[in-house]
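# Summary of structural features
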Amino acid sequence: MNELVDILKRYFEAAADLREIAEWLAGVDWDDPELTEDEREALGMLLLLVTEVSENMREEAELRTEASRFLADRSSPAYR
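These numbers come from a predicted model, not from an experiment.

A separate point is the packing of aromatic side chains. According to the stated counting rule, one finds one aromatic pair in the structure shown. If you follow Arg 64 out to its NZ or CZ, it ends over the ring of Tyr 11, 4.4 Å from the centre.

Below, the structure written as structure tokens:
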């Protein structure tokens, strides 16, 4: 999960692209018992958005909004 946070931070700094995010998400072990239900939901939403943006079904701005929410959630004291 920390790797995705790093990728998203680089994405906002324009050092990563959608392909890198999609590749990481494709490698997620959805059966990993350490993934919480909240993490699965967030990852699923990001995977859907990345797929739809890459297929020109959504604007990239939506991905940026959801990615920023994902990062904000991971920074909140309740998550730690």
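This part covers the nonpolar core. As a rule of thumb, soluble globular proteins bury nonpolar side chains together. Formed by 22 residues in total, the largest nonpolar core has its most connected members in Leu 4, Leu 8, Ile 21, Leu 25, Leu 46, Leu 63 and Phe 70. When contributions to this core are tallied by element, the ones reaching two or more residues are α1 (2-12), α2 (18-26), α3 (37-54) and α4 (60-75).

The end-to-end C-alpha distance of α3, which contains 18 residues, comes to 26 Å, matching closely the 26 Å that a straight helix rising 1.5 Å per residue would cover. Among the residues of α3, Glu 39, Ala 42, Leu 43, Leu 46, Leu 49, Val 50, Glu 52 and Val 53 are the ones counted as buried. Each element contacted by the buried residues of α3 is listed here: α1, α2 and α4. Two residues or fewer past α3, Asn 56 is found with a positive phi of approximately 60°.

Criteria and thresholds
Residues numbered from 1 in each chain as written. Predicted model: local features only at pLDDT ≥ 70, side-chain atom pairs only at ≥ 80, totals over all residues. Heavy atoms only, no water. Phe/Tyr/Trp six-rings, centres within 6.5 Å; stacked < 30°, edge-to-face > 60°. Lys NZ or Arg CZ within 6 Å of the ring centre and 35° of its normal. Core = buried A, V, L, I, M, F, W, Y, C linked by side-chain atoms within 4.5 Å. Buried < 20%, exposed > 50% of the residue type's maximum accessible area, 1.4 Å probe, protein only. Helix = DSSP H or I, 4+ residues; strand = E, 2+ residues; numbered from the N terminus. Expected span 1.5 Å × (residues − 1). Contact = heavy atoms within 4.5 Å.

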